[in-house]
Amino acid sequence: MVKKAGVLGATGSVGQRFILLLSKHPEFEIHALGASSRSAGKAYKDAVSWKQTDILPESALNIDVQTCEPEGNFKECDIVFSGLDSDVAGEVEKKFVEAGLAVVSNAKNFRRVKDVPLVVPIVNPEHLDIIENKVKKSRAEGKKTGYLICISNCSTAGLVAPLKPLVEKFGPIDALTATTLQAISGAGFSPGVSGMDILDNIVPYISGEEDKLEWETKKILGLLNKEGTEVVNIPDEKMKVSAQCNRVPVIDGHTECISFRFANRPAPSVEEVKKALREYQCDALKLGCHSAPKQTIHVLEQEDRPQPRLDRERDNGYGVSVGRVREDPLLDFKMVVLSHNTVIGAAGSGILIAEILNARGLI
Ligand code: NAP
């Protein structure tokens with residue numbers, strides 16, 4: 001049965017990507033759209049300033065935009081995706097969960113709460129066991145429970161994708177540096193990055209971003225406690241992460257130059273690292289999820305790749321590209337990672353999480 005999906009913040013950068021992905025999705029249909037009072041009461045086509053290169057899907061044109069309350073069509077949704085601004089996401093998402101709805105959020109507000117899974121679906125879907133345990137418990141009591149799942153920060157999603165198979169194969173990474181070159185779509189539309197600031201320029205500061213990369217990586221690569229009720233982060237003393245974040249004049253696609261060291265000796269060879277990356281298959285593919293990338297990590301051998309314009313759409317934006325894998329004179333290895341910030345870094349991750357939940361009977 002096709003599931004009813006709602007989108008909060010439907011008019012924004014992430015919200016528009018949700019609309020695109022849902023409009024052609026076999027398992028979900030758009031049932032409710034929400035945004036601010038500036039947009040509420042209008043048909044979606046009149047409320048949105050559409051900025052995608054694909055045209056606005058017909059199925060969304062005439063849907064009435066609501067305010068972000070768990071009422072009306074939202075109450076009937078099987079899953080609600082949130083692309084809300086963090087200034088308002090906290091209160092709105094809390095109300096939706098309290099109303100018994102399943103919410104997958106892009107906002108930062110609840111990412112650090114221990115019993116809220118922070119999930120990059122191609123990396124740590126096992127953290128969704130927290131939700132399974134919650135749902136099973138309430139079903140056994142004859143009740144319906146609302147729940148919240150957070151999607152990571154967009155640059156963190158790209159960073160952890162190649163780290164997961166390496167940690168699985170070669171053990172912990174104890175030191176990691178990442179310098180990012182982040183696309184302007186990652187800053188949203190209102191107000192977004194001004195042309196005067198970004199054309200012919202690089203801005204070496206993104207508010208809060210470095211802290212997110214340094215912290216979220218340790219939760220996503222962390223393990224569940226034995227009850228399966230919360231995540232135990234990798235302790236700071238076991239993994240040092242240092243990030244520097246830059247905004248660059250690229251529309252979509254975050255590039256990250258990373259170096260890292262394994263805790264165990266001897267370290268693997270460059271060829272072993274590449275093989276582990278190429279062989280990694282995410283669980284979503286094994287579950288048969290519609291959007292799961294056929295190739296999770298694309299290891300590119302050309303010396304000038306990956307590049308955002310050429311490589312961001314691999315596996316429809318759900319695959320992550322890695323190039324220039326080589327030894328690092330300070331740590332063990334360095335490489336360049338590219339990921340699509342509004343697909344696997346935002347809305348696409350939300351959709352793939354929902355597909356996993358659906359495959360596991362949790363929505
Ligand atoms: P955005 O383009 O600025 O969109 C914000 C959305 O929130 C719009 O739909 C806006 O509706 C709505 N909104 C604003 N104030 C509201 C209010 N008071 N009540 C209800 N709705 C309100 O932002 P974005 O880039 O899509 O980001 C959305 C969230 O995702 C943020 O928390 C961001 O940090 C996170 N995120 C973004 C990316 C990315 O690549 N862009 C990646 C990962 C995570 P109106 O049009 O009516 O104002």
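Above this text you will find the structure in question.
Thresholds, definitions, all that
Residue positions are counted from 1 within each chain, in the order its sequence is given. Owing to the predicted nature of the model, reporting of local features is limited to residues with pLDDT of at least 70; listing and counting of side-chain atom pairs is limited to 80 or more, with chain, interface and lining totals taken over all residues. Only hydrogens and water are set aside; all other atoms, that is, all heavy atoms of the structure, feed into the side-chain values. Helix and strand assignments follow DSSP, with helices taken as H or I runs no shorter than four residues and strands as E runs no shorter than two, numbered in order from the N terminus. We compute the radius of gyration from the C-alpha atoms alone; for a globule the expected value is 2.2 Å times N to the 0.38, where N is the number of residues. Three labels apply to residues, based on accessible area from a 1.4 Å probe with only protein chains included: buried if under 20% of the type maximum, exposed if over 50%, partly exposed otherwise in between. Charge assignment in this entry is limited to Lys and Arg as positive and Asp and Glu as negative, and neither His nor the chain termini are counted. Taken as the charge location is NZ of Lys, CZ of Arg, CG of Asp or CD of Glu. We call two residues in contact whenever any of their non-hydrogen atoms come within 4.5 Å of each other. Pairing between two strands requires that DSSP report at least two bridges joining them. The salt bridge definition used is simple: a Lys or Arg side-chain nitrogen within 4 Å of an Asp or Glu carboxyl oxygen. Whether a residue is near a molecule or strand depends on its heavy atoms: if one lies within 4 Å, it is near. In protein, a polar contact means a hydrogen-donor-capable atom and an acceptor-capable atom, both N or O and within 3.5 Å, with residues adjacent in sequence counting only if both atoms are side-chain atoms; elsewhere, any N or O pair within 3.5 Å suffices. Each accessible area value is a Shrake-Rupley result obtained with a 1.4 Å probe; residue values ignore everything except the protein chains displayed when judging cover. Basically, the charged four are Asp, Glu, Lys and Arg, the nonpolar ten are Ala, Val, Leu, Ile, Met, Phe, Trp, Tyr, Cys and Pro, and anything else, Gly included, counts as polar. Two rings belonging to Phe, Tyr or Trp (six-membered ring only in the last case) form a pair when the distance between their centres is within 6.5 Å. Interplanar angles under 30 degrees mark stacking, angles over 60 mark edge-to-face geometry, and anything in between is tilted. Expected helix span is given by 1.5 Å per residue-to-residue step, counting one fewer step than there are residues. In this analysis the local bend is the angle between axes fitted, respectively, to the seven residues ending at and the seven residues starting at the residue. Fitting a line to C-alpha atoms yields each axis, with helices limited to the stretch in contact; the angle taken between N-to-C directions then spans 0 to 180 degrees. Roughly parallel means an angle under 35 degrees; roughly antiparallel means over 145; roughly perpendicular covers 65 to 115; every other angle is labelled oblique. By convention the crossing between two helices is left-handed if the near helix lies anticlockwise of the far one by an angle smaller than a right angle, and right-handed if it lies clockwise.

1. Some remarks on the overall build of the protein chain
(1) Moving on: The helix and strand tally for the protein chain stands at 12 helices and 15 strands.
(2) Moving on: Since a compact globule built from 363 residues should have a radius of gyration of about 21 Å, the 20 Å found for the protein chain is in line with a globular shape.
(3) Moving on: Each of the three principal axes of the protein chain carries a C-alpha extent, and together these read 60 × 55 × 30 Å.
(4) Moving on: Expressed as a percentage of its 363 residues, the buried residues of the protein chain come to 57%.
(5) Moving on: Across the protein chain, the 45 positively charged side chains and the 49 negatively charged ones have centroids separated by 2 Å.

2. Some details on the environment of His340
(1) Moving on: Along the chain, His340 falls in the loop between β15 (333-339) and α12 (343-359).
(2) Moving on: Exposure remark for His340: the relative accessible area of 1% places this residue in the buried category.
(3) Moving on: Residues His340 and Tyr318, spaced 22 residues apart in sequence, show a C-alpha to C-alpha distance of 7.4 Å.
(4) Moving on: Discounting residues that sit within four places of it in the chain, His340 has contacts with Arg17, Asp252, Gly253, Arg312, Glu313, Gly317 and Gly345.

3. A closer look at the sheet that holds strand β5 (residues 102-105)
(1) Moving on: Sheet architecture is open: seven strands sit in the order β3-β2-β1-β4-β5-β7-β6, paired in parallel fashion. For this open sheet the edge positions go to β3 (65-66) and β6 (118-119), each flanked by a neighbour on one side alone.

4. Details of the pattern of salt bridges
(1) Moving on: Per the counting criterion, the structure on display carries 24 salt bridges.
(2) Moving on: The shortest N-O distance in the salt bridge between Glu216 and Arg111 comes to 2.9 Å. Of the two residues, Glu216 is situated in helix α8 (residues 209-220) and Arg111 in the loop between β5 and β6; the sequence distance between them amounts to 105 residues. Across the pair, Arg111 and Glu216 agree in class, each one buried.
(3) Moving on: Linking Glu168 and Lys164 is a salt bridge whose minimum nitrogen-to-oxygen distance equals 3.8 Å. Here Lys164 and Glu168 lie together in helix α6 (residues 154-170), a separation of four residues that amounts to about one turn.
(4) Moving on: Residue classification places Glu168 among the exposed residues on the basis of a relative accessible area of 54%.

5. Looking at the site of the ligand
(1) Moving on: With respect to spatial proximity, 28 residues lie near the ligand, and among them Thr11, Val14, Ser36, Arg38 and Ser39 are the closest.
(2) Moving on: Side-chain polar atom of Ser39 to an oxygen atom of the ligand: 2.4 Å apart, as the coordinates give it.
(3) Moving on: Between a nitrogen atom of the ligand and a main-chain N or O atom of Ser185, the distance comes to 2.9 Å.
(4) Moving on: Its free accessible area being 910 Å², the ligand has 84% of it covered by the protein chains.
(5) Moving on: Elements supplying a minimum of two residues to the shell around the ligand: α1 (13-23), α4 (86-98) and α12.
(6) Moving on: A per-class count over the shell around the ligand returns 10 nonpolar, 16 polar and two charged.

6. Considerations on the environment of Val119
(1) Moving on: Here Val119 is to be found in strand β6.
(2) Moving on: Separated by 30 residues in sequence, Val119 and Ile149 have C-alpha atoms that sit 7.2 Å apart.
(3) Moving on: Setting aside residues no more than four positions away along its own chain, Val119 makes contact with Asn124, Pro125, His127, Leu128, Ile149, Cys150, Ile151, Ser152 and Ile353.

7. Remarks on the packing of aromatic side chains
(1) Moving on: By the definition in use, this model includes eight aromatic pairs.
(2) Moving on: For the ring pair Tyr44 and Trp50, a centre distance of 6.5 Å and an interplane angle of 80° mean the geometry is edge-to-face.
(3) Moving on: The class for Trp50 is partly exposed, based on a relative accessible area of 21%.
(4) Moving on: Note on Phe260 and Phe262: the rings are 5.7 Å apart at their centroids and 90° apart in plane angle, and the pair reads as edge-to-face. In terms of burial, Phe260 and Phe262 fall into one category: buried.
(5) Moving on: An aromatic cluster is defined as three or more aromatic residues linked by ring pairs; in this entry it consists of Phe170, Phe260, Phe262 and Phe333.

8. A few points about α6
(1) Moving on: The end-to-end C-alpha distance of α6 is 25 Å, a good match for the 24 Å that 17 residues give at a rise of 1.5 Å each.
(2) Moving on: Along α6, the helix axis deviates most sharply at Val160, where the bend reaches about 30°; the proline Pro162 sits within four residues downstream.
(3) Moving on: Taken across its 17 residues, α6 has 14 buried, putting it largely inside the fold.
(4) Moving on: One or two residues past the end of α6 sits Gly171, with phi positive at roughly 90°.

9. Focus: the packing of α6 against helix α9 (residues 270-279)
(1) Moving on: Where α6 contacts α9, the axes come no closer than 9 Å and their chain directions differ by 115°. Taken together, the axes of α6 and α9 are roughly perpendicular relative to one another. Classified by chirality, the crossing of α9 by α6 is right-handed. Here Pro162, Pro165, Leu166, Lys169 and Phe170 of α6 lie close against α9, whose contacting residues are Glu272, Val273, Ala276, Leu277 and Glu279.
(2) Moving on: Class assignment for the residues of the contact of α6 with α9 results in seven nonpolar, no polar and three charged.

10. A few points about the environment of Cys245
(1) Moving on: Positionally, Cys245 belongs in strand β11 (residues 240-247).
(2) Moving on: Residues Cys245 and Glu271, 26 residues apart in the sequence, show an inter-C-alpha distance of 29 Å.
(3) Moving on: Excluding anything up to four places from it in sequence, Cys245 contacts Thr180, Gln182, Val203, Pro204, Tyr205, Ile206, Glu209, Glu210 and Leu213.

Remember, this is a structural readout, not a statement about activity or role.
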